[in-house]
Amino acid sequence: MVHENYETDALGKVEISPEVIEVIAAIAASDVEGVAAMRGNFATGVAERFGRKSHRKGVKVDLTEHGIILDVYVVVEYGYSIPTVGQEIQSNIRQELQNMTALDVNEINIHVVGIQFEQKDNFMSEDY
């Protein structure tokens, strides 16, 4: 049995594209404190170089027989607890998808692909 991402009622069906799920998840993940950036794949980077913005950067949706599985690729700011940020990303995505689409996600896998360090000003330029 393949999990479908639509609901049927008396008037017909409402189908939600995987791309919509990716956009909602990417925005929800970006809103979490401690997330410095989302990371896309090679194709996303090439598309952005040619002027096309990708709002679903860093999120991959798989519609499987076991349900919806999300893989989220993030860069975390230095100093934040990675497990805490990961749990907050999962919670925020699950809540936003439930609120906006009424879809339940079976898995939200967080992949931390980097740490962003704070850039410090150079104070060593004084003359001695």
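This text goes with the structure placed above it.
Residues numbered from 1 in each chain as written. Predicted model: local features only at pLDDT ≥ 70, side-chain atom pairs only at ≥ 80, totals over all residues. Heavy atoms only, no water.

**Student:** What should I look at first to understand unusual backbone geometry in this one?
**Tutor:** What is expected of a backbone is that most residues other than glycine have negative phi and most peptide bonds are trans. The phi dihedral of Ala102 is positive, around 65°, even though this residue is not glycine. With respect to the helices and strands, Ala102 occurs in the loop between α3 (82–101) and β6 (107–116). For Ala102, a relative accessible area of 38% translates into the label partly exposed. (Helix = DSSP H or I, 4+ residues; strand = E, 2+ residues; numbered from the N terminus. Buried < 20%, exposed > 50% of the residue type's maximum accessible area, 1.4 Å probe, protein only.)

**Student:** Explain the nonpolar core to me, please; I cannot follow it from the model alone.
**Tutor:** A general trend in soluble globular proteins is that nonpolar side chains are found buried together. Judged by nonpolar contacts, the single largest core of 24 residues is most densely connected at Ile21, Met38, Val59, Leu70, Val72, Ile89 and Ile93. Elements represented by at least two residues in this core include exactly α1 (18–30), β3 (35–38), β4 (59–64), β5 (67–77) and α3. The leading source of residues in this core is α1, at six residues. (Core = buried A, V, L, I, M, F, W, Y, C linked by side-chain atoms within 4.5 Å.)

**Student:** Whenever I open this one, the environment of Glu22 confuses me. Can you help?
**Tutor:** Checked against the element boundaries, Glu22 lands in helix α1. C-alpha separation for the pair Glu22 and Val61, spaced 39 residues apart in sequence, amounts to 6.4 Å.

**Student:** Whenever I open this one, a nonpolar patch on the surface confuses me. Can you help?
**Tutor:** A cluster of nonpolar side chains, namely Tyr78, Ile82, Val112, Ile115 and Phe117, defines an oily patch on the protein surface of about 490 Å² accessible area. Inspection of the secondary structure puts Phe117 in the segment after β6. Given a relative accessible area of 52%, Phe117 falls into the exposed group. (Patch = residues over 30% accessible without salt bridge, like charges linked within 9 Å, V, L, I, M, F, W, Y side chains within 5 Å. Areas by Shrake-Rupley, 256 points an atom, 1.4 Å probe, with all protein chains shown as cover. Salt bridge = Lys/Arg side-chain N within 4 Å of Asp/Glu carboxyl O.)

**Student:** Sorry, what's going on with the pattern of salt bridges here?
**Tutor:** Between side chains of opposite charge, pairing is possible as soon as their charged atoms come close. Summed over the entire model, instances satisfying the criterion amount to one salt bridge. A salt bridge links Asp62 to Lys60; the nearest nitrogen and oxygen atoms lie 3.3 Å apart. Residue Asp62 is classed as partly exposed on the basis of its relative accessible area, which comes to 26%. The exposure class assigned to Lys60 is partly exposed, which follows from its relative accessible area of 40%.

**Student:** What is the right way to look at the packing of α1 against α3 in this model?
**Tutor:** A pair of packed helices is captured by two measures, namely the crossing angle of their axes and the spacing between those axes. Where α1 meets α3, the closest approach of the two axes is 8 Å, and the angle between their N-to-C directions is 135°. The orientation of α1 relative to α3 falls into the category oblique. Crossing hand, α1 versus α3: right-handed. When α1 is examined against α3, the residues Ile21, Ile24, Ala25, Ala28 and Ala29 are found in contact with a partner set consisting of Ile89, Asn92, Ile93, Glu96, Leu97, Met100 and Thr101. For the contact of α1 with α3, the per-class residue count stands at nine nonpolar, two polar and one charged. (Axes fitted to C-alpha atoms, helices over the stretch in contact; angles between N-to-C directions. Parallel < 35°, antiparallel > 145°, perpendicular 65-115°, else oblique. Left-handed = near helix turned anticlockwise from the far one by under 90°. Contact = heavy atoms within 4.5 Å. Nonpolar A, V, L, I, M, F, W, Y, C, P; charged D, E, K, R; others polar.)

**Student:** Where do I start with the pairing of β6 in this structure?
**Tutor:** Each regular strand shows side chains that alternate between the opposite faces of the sheet. As judged from the nine bridges shared by β5 and β6, these two strands associate in the parallel manner. The residue bridging Asp71 from the neighbouring strand is Asn109, located in β6. (Pairing = 2+ DSSP bridges.)

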